[in-house]
Every structure is written in structure tokens, then in C-alpha cells.
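# A look at the structure
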Amino acid sequence: MEFRTNHEIIRRARRNARGTVWDYLAGGSESETAMRRNRFGLDSIALKPRVLRDVSVVDHSSTLLGHKSRMPVFLAPMASLQLVTPAAAQAVDDAAEEFGIINMLSGHSRPSLEEIAVNSLHPKIYQIYVRGGRNWLEDLLGRVKENNYAALAVTVDAAVYSNRERQMIAGWAPPTRSNAAGREFLAGLNWDTWDEIRQIWGGPMILKGVSRPEDAEIGLQHGASVIYVSNHGGRQLDHDRSTIQVLPDIVRAVDGRAEVFIDGGFMRGTDVIKAIALGAQAVGIGKLQAFALSAGGLSALMDCLTILEDEIKIAMGLLGVSSLDQLDPSYLAKARPVSVAHEMSAFPHLPGGRLT
Amino acid sequence: MSDAIFETTHDMIMMARRNLDQDNWDYICGAAESETSLRRNRMALDCLAFRPRICRDVSEINTQTDFFGHKLRIPVLLAPMGGIERWSVNGGLDVDDAAENFGSVNFLSTVCQPSLEEVAANSPHPKSFQIYVRGDDNWIRELVRRVVKANYSAVTLTVDSAFYGNRERLNPAQLALRRVPAREWQKKITWDTVKLIQDEIGDRPLILKGIMTAEDAALAVEHGVNGIYISNHGGRQLDHVLGNIQMLPEVVTAVGGKAEIFIDGGFTRGTDIIKAIALGAKAVGIGRLQAYALGAGGAEGLIRCLELLEREINTTMGLLGITSLEQIGSECVTEAMPVTMPHEHSSFPHLPGGRVG
């Protein structure tokens, strides 16, 4: 392994990324309050360990929609990954296959969904931004089906493209922003659109971008297999709550009728364990994934996942649990954060504390 | 869209800083004593978070509201500010031009140049005149008659300035400039002053600016006041009051729909404005933000600033899943912990050094 900590991965990522690409990967929207809240929410939870429980064998494997996963982590969809390295989405798919986890391919990343699918056997998920009407959907979803994607994630927190001010100050926009055809379909998205997609697609569907139990309930009534709690990494609605803060309400509303996924600020094994203890089935990593890709493509992403897995193992062992199903809210306590929350605050040894 | 002289409010603030001398910068940015009130304004806004809804078709978003029946393009008012002519060459006329051009309502301060008649003659849109009392009852009557004659749509009386707050950033020369003996009259303002003004203005709405308690809001309603303007003067008067938006719920309850509620103090983002609307304000005043915009580019700068705010309001509404301001209620927001140290620039995290002094 080239990297032993994610500190090193982030430092290398910063060295490798052009300023504008870094702004895109590391930034949030407007005042970046929602982005910071994700970390703040995680830092507002403490762990309560049990002792003398024989943790010589720790099993941190899980399943996502019935598919086996080496750990309760998946690679969240990210658009414009090709900015980091030309074949970044391919590296993500390769890492998922090699490591044994699930990845979600963003409808906005390159290479194409066919190219990604051609050499890959593991289950993977396609994430869609709705940018067209019936014909567009039939064409795209036909291609997704033909290429054996296991599920479809529909992003619903992007009705409007947010103001990402790091990019705006630099006078730069990612390709997904500049070629923003069909934006009106994202704005017009409603439950009829969802039903139409469901009818065309026919397979398991993930509702991505939920933060209110009312919407989780509607999602279930409309056949969602997964409620995916997300504020888009704090990159869409500014001043949104942290995702971990809303997770308990969503879990309560879903009440076992679907799986609950979450993302937003997850950087550490302890972060993942907190979400699992609160009832999430799996945790998506976005920024961390992007940092790893920027640090060194496939091999750095493999290192990053190995580090995260190791952290999960350590957290479970020290908590006194030997499998994920033993985790519940009794292992958690409310706490006050002890550092200023930002996108890198889980890594206190970065030079200057934060790389911009 | 006006010519894009800046793309973000970050850029606007930096442009203003480059254009303005230290005296003006200190006057605009600063507040009273420890500047705790100023910081509390931001802190209180940062203690609220949104609860967005999804799949609600937000293709058409309407950001309009009204100010006593006059259309407002966004729920934003240009708060009264004294001495604008010191950093924007045409003073109150620049603000008036921006309001006319964009579709907002401006408040002309008693201590802003040029004269109220000149500003009134500058444009046809509705505006409000803001009164500082600088003389006896006859002086007030005389002033209000001029305001009525010039056909201002509303009259605003500032009630939080019995004393001048200690603005400790200001140097002795700047302080001397603001040491006006006639300010003593401010100390004598009572509910009788309110009555006296009401007798002169007829049907025109009267707004009391600087109310910070439910008790005074209720008294104002009893006295037939039409607009309750929650304000701590941008933290520039009494230090250590609460953040303005904290006062909204109790004032809304006390007013019980019998008057319109306005608010200012620390509002710099579309998200801030939507929070105030969610908690029952009719519209939000911008002061410092207005001053930066004028410093960055005069009337053009202010129009651009309003366009950026409009864009942020649109984004916030769309991502909240709402298409008109009436749909926003208190269920859209909830309490949260702040994630940054609050100060006058803390909603702009990419400023060099984080804060521009």
C-alpha cells in the first residue's frame, strides 16, 4: 500500500488537482453551511464502548439490496469525475469490483454506462438525473437495463443547480454545468415522473436526496426500495441540516419497509459505524472517493477503501461488537463537537488544518 | 441582467473594500461596543436550518410579494442608511435608481443626501421616508408635511436610537462628524410622537423601526401602527441584544396579523431571507449588503447585488420544494447549531483571511 492514512491521500490529492478541480471536489454551495453541518452532525455523536466481549473475529460485511458487500460502504455517484482523471469512472468501477462493494455510476460521468459495464461482473447501480421526457427516459433506461445495472438511483435534490461559489469566484464551471441541457426536467420532477420511470425501469429504485420523513413515506408508497438520505454533500440547498441528524426520523418513518442509505461528510470508520447504529444499511462516500482518485486513481482508491475498512474494524472491535447487526443507538451518545467543522475536519494533521 | 460587474457577493465585497477608504469601511462594517449584537444577528440566522421537500415540480418559481400593496420583485427592502453620499457619489439617488430599476422599495434616511424632495422627484416607484427626530413637535410636523407633499408611500420612525451607540471602530475625527447636538431630541420620543406623526400622514402606513420585544410590538399595534420593523440597527445601537430573527416568532404572535412585519440585521443571503419569510416576516431589509454593493459599483452595483440575491432566493425556494412565498411556513425551518464563528462577513467563507477589516 502506498498510503497508510487518508491524511496522506488528501495531501497528495491536493497536489495533483488543478485549483478549479479542487474547488469542484472540495466545495459546497453558497456559505458552505450545509457542508459543514454534515461534519458537525457526525461530530455531535460520541461512541459508548462495551468491554470484555471477545472481538477476535469481527465481521463487518453487509448486504445492499440483497447484494453482498465487503463493508457497509458504497461509492456514491459523482458527476464530472473525468475532471480528476480521464478514466475515473472506470477506476471507480474497477475498485468496486476488486474490493467487493457497490458503486453508483453517475449519469453525468464518463466513460459511458456501456463502457463501464462491459468488463465488470459485480452488481452496480446507475444514478439518473432526469433531463428529458418519455422518449429520453425509455432510451436511457433501456440502455441501463441492457447493461445489467442492478438498481436505479433517482436524484431528487437537484431541482435547481446551486451556487457553488468557489467555482464562481474562479470563473469556472464543470462540464455538467456548462452542458446543462434539459435542466427544466429536473425542475419539473414530481411523483408522476417517478412513477413513469418506475414503470419503464421495472427494477429496484433508490430515492436519493431525502431529508424528511413525509417524503420517505411518499417514496415508499411509490415503491422505492431504498430511501437515500442525502443533502448532496452540502452542494445543493445551503443551510440544510446534516444528514446524520435527520437519519433517525427517516429510519423511524421507513420502519423496515425499505433500506436506508446515507451520505454527506462520511470520512472515517467511526462515521460509518454511527450511521449503522442509527439504522442505516449503508453509507456512501463522495468527497473521500474523489480525493482518493485525485491522489492516485484506482490504486489510491483501493488504499482509501482498505484504510476505511481497517477503521471500521477497529471501531467495532473497540466498541465491543463483532457484527454490524449488533449495533444500535445504545452505542451512541449526544456530544458537543470539539473542533470547528469543515470538509476536512476529520483530518486534524493536515498542514494548516484545511487545504483550500 | 445588468452588466455583470461581479459574479458573486464575495467579489462584490472585495470590490467595495478596494474602492472605499478606511473611514467608510469602518462605518459600514462596524457596530456598537463589543459588536456582540452584530455577531448575534448572524449567529441567530446560522441557528436555523432548512427542511426541504422533494418531487414537487419547481419549474415556475414566483419570488414576488408586496409592500403595502406595492409590488416587490423579491421580499427585499433597501433599509435606510445615513450618509450614503460619503461612499456612493449620488447618495440616496443611487439607491432610488436601483430600487426603480430592479423593483424594490427604498427607505430614505433623514440623514442622507440629497433632499427628500429630490429623491422623490427622481422616480415614480413607492418609497418610504425614515425619520430621525432632530427638533421639537413643530419640527417633526414640518418634516412630515414635506414627506407627505413629496408623496412618499410610507413613513418610518426609528425608535432604537435615543442614544448613539458607541461605534468603536470609528476614529475621533469620524466620531466628531457624527456628534450632532440635535440628536438630543431623539431621547424625547414617546408614543405621543407616534400619534403626532399619524395625525399628519393620513392613510399612509406608519412603520416603527427598531422594535425588539413582543410587548412593544403589541403596544404599536394598539397605537394603530401599520408596520413593525424588527431591528437592532445592524448591531450598531444597543450592544448585547438578541439576534433579530430570534425575535420574529414572539413578535409575529403579538402582532396577530394586525400589522406587517419587516426585519433587518445581518441578512446577506437568499437563505437568510427565506428563513425570515418562513417565520412570518413580510420582507427583509438589507443595510450592510446594500452599502457594499454601492461601494462596489453605485446604483449598478446595487442592482447587480439584488440580482444575485434574487438568484439565491430562487435556488433556495426551488431546492426547498416551494414555488411561491405563501407556501413557506415555519415547518420549513428548524433549530440547528451554527458551524462557523459569526461575524459581519461569516456568510462569505471564501474572503481572503475569512474577514475583511
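Here, every reference points to the structure presented above.
Reference entry: report on the structure contained in this document.

Conventions adopted
- Residues numbered from 1 in each chain as written.
- Chains lettered and ligands numbered in written order.
- Predicted model: local features only at pLDDT ≥ 70, side-chain atom pairs only at ≥ 80, totals over all residues.
- Helix = DSSP H or I, 4+ residues; strand = E, 2+ residues; numbered from the N terminus.
- Rg over C-alpha atoms; globule rule 2.2 N^0.38 Å.
- Buried ≥ 20, exposed ≤ 12 C-beta atoms within 10 Å, placed from the backbone.
- Contact = placed C-beta atoms within 7 Å.
- Nonpolar A, V, L, I, M, F, W, Y, C, P; charged D, E, K, R; others polar.
- Pairing = 2+ DSSP bridges.
- Axes fitted to C-alpha atoms, helices over the stretch in contact; angles between N-to-C directions.
- Expected span 1.5 Å × (residues − 1).
- Bend = angle between axes of the 7 residues up to and from the residue.
- Left-handed = near helix turned anticlockwise from the far one by under 90°.

## A short note on the overall build of chain A
Scanning chain A from N- to C-terminus turns up 14 helices and 12 strands. Over its C-alpha atoms chain A spans a radius of gyration of 19 Å, differing by no more than 12% from the 21 Å that the globule rule assigns to 356 residues. On the principal axes, the C-alpha backbone points of chain A span a range of 60 × 45 × 40 Å. Looking at chain A residue by residue over its 356 residues, the buried ones come to 57%. Contacts spanning at least 24 positions in sequence make up 75% of the contacts within chain A whose residues lie at least 6 apart.

## Some remarks on the interface of chain B and chain A
With 34 residues of chain B at the contact, the number on the chain A side is 37 residues. With 8 residues, helix α12 (residues 288-320) of chain B is the single largest residue contributor to the side of chain B that touches chain A. Of the residues that constitute the side of chain B that touches chain A, the class distribution is 12 nonpolar, 12 polar and 10 charged.

## Brief notes about helix α2 (residues 22-29) of chain B
For α2 of chain B, the set of buried residues is Trp25, Tyr27, Ile28 and Cys29 of chain B. Elements in contact with the buried residues of α2 of chain B: α1 (9-19), α7 (172-177) and α12 of chain B.

## Section: the sheet that holds strand β6 (residues 125-128) of chain A
Residue and element names in this part refer to chain A. In spatial order, the strands read β4-β5-β6-β7-β8-β9-β10-β11; together these 8 strands close into a barrel with parallel pairing. Between one strand and the next, the sheet's axes are offset by a mean angle of 25 degrees, whatever the strand orientation. One ladder, built from 4 bridges, connects β6 with strand β7 (residues 151-155); its direction is parallel. Each bridged residue has a counterpart across the sheet, and for Ile128 the counterpart in β7 is Val154.

## Comments concerning the environment of Ala46 of chain A
All names here are of chain A. The residue Ala46 is located in strand β1 (residues 45-47) in this model. A tally of 14 C-beta atoms within 10 Å means that Ala46 is categorised as partly exposed. Along the chain, Ala46 and Asp23 lie 23 residues apart, while their C-alpha atoms are 31 Å from each other. Not counting residues within four places of it along the chain, the set of residues in contact with Ala46 comprises Ala333 and Ala335.

## A few points about the pairing of strand β9 (residues 226-229) of chain A
Residues and elements named next belong to chain A. Here β9 shows two buried faces, one formed by Val226 and Tyr228 and the other by Ile227 and Val229. Where strand β8 (residues 205-210) meets β9, 4 bridges bridge the pair, whose relative direction is parallel. Among the inter-strand pairings, Val210 is bridged to a residue of β9, identified as Val229. Relative to strand β10 (residues 259-263), β9 runs parallel, the two being bridged by 4 bridges. Within β10, the residue paired with Tyr228 across the bridge is Phe261.

## Some points on the sheet that holds strand β6 (residues 128-131) of chain B
Residue and element names in this part refer to chain B. Spatial ordering of the closed barrel is given by β4-β5-β6-β7-β8-β9-β10-β11, a layout of 8 strands whose pairing is parallel. For this sheet, the mean inter-axis angle between neighbouring strands, taken without regard to orientation, is 25 degrees. Pairing between strand β5 (residues 105-109) and β6: 3 bridges, direction parallel. The partner of Leu108 across the bridge, within β6, is Phe129.

## Here we look at α12 of chain B
Residues and elements named next belong to chain B. For α12, with 33 residues, the first-to-last C-alpha span of 27 Å runs short of the 48 Å given by 1.5 Å per residue. The largest bend along α12 reaches roughly 130 degrees and is located at Gly297. Across the 33 residues that make up α12, a large majority, 28, are buried. Just beyond α12, the residue with positive phi is Gly321, at close to 85 degrees.

## Topic: the environment of Gly264 of chain A
Residue and element names in this part refer to chain A. Relative to the helices and strands, Gly264 resides in the loop between β10 and α13 (269-277). Given 35 C-beta atoms within a 10 Å radius, Gly264 is considered buried. Here the alpha-carbon distance between Gly264 and Met35, two residues 229 residues apart in the chain, equals 7.7 Å. Beyond its immediate chain neighbours, meaning those up to four positions away, Gly264 contacts Asn38, Ser230, Asn231, Gly233, Gly234, Ser242 and Thr243.

## Points about the packing of helix α11 (residues 213-221) of chain A against helix α12 (residues 243-254) of chain A
All names here are of chain A. The geometry of α11 relative to α12 is characterised by a closest axis approach of 9 Å and an angle of 35 degrees between their N-to-C directions. Two packed elements cross with a definite hand, and for α11 against α12 that hand is right-handed. Contacts from Pro213, Ala216, Glu217 and Leu220 of α11 reach α12 at Asp249, Ile250, Arg252, Ala253 and Val254. Across the contact of α11 with α12, the residue classes break down as 6 nonpolar, no polar and 3 charged.

## Brief notes about unusual backbone geometry
Geometrically, the link from Arg110 of chain A to Pro111 of chain A is a cis peptide bond, its omega value of 0 degrees lying close to zero. Within the secondary structure, Pro111 of chain A is located in the loop between β5 (102-106) and α5 (113-118). That bond from Gln113 of chain B to Pro114 of chain B is cis: its omega, -5 degrees, falls within 30 degrees of zero. In this structure, Glu33 of chain B is a non-glycine residue whose phi angle is positive, near 45 degrees. By the C-beta count within 10 Å, which is 16 here, Glu33 of chain B ends up partly exposed. Here Cys55 of chain B, not a glycine, exhibits a phi torsion of approximately 50 degrees, which is positive.

Note that every value here comes from positions in space, so none of it alone points to a role or purpose.
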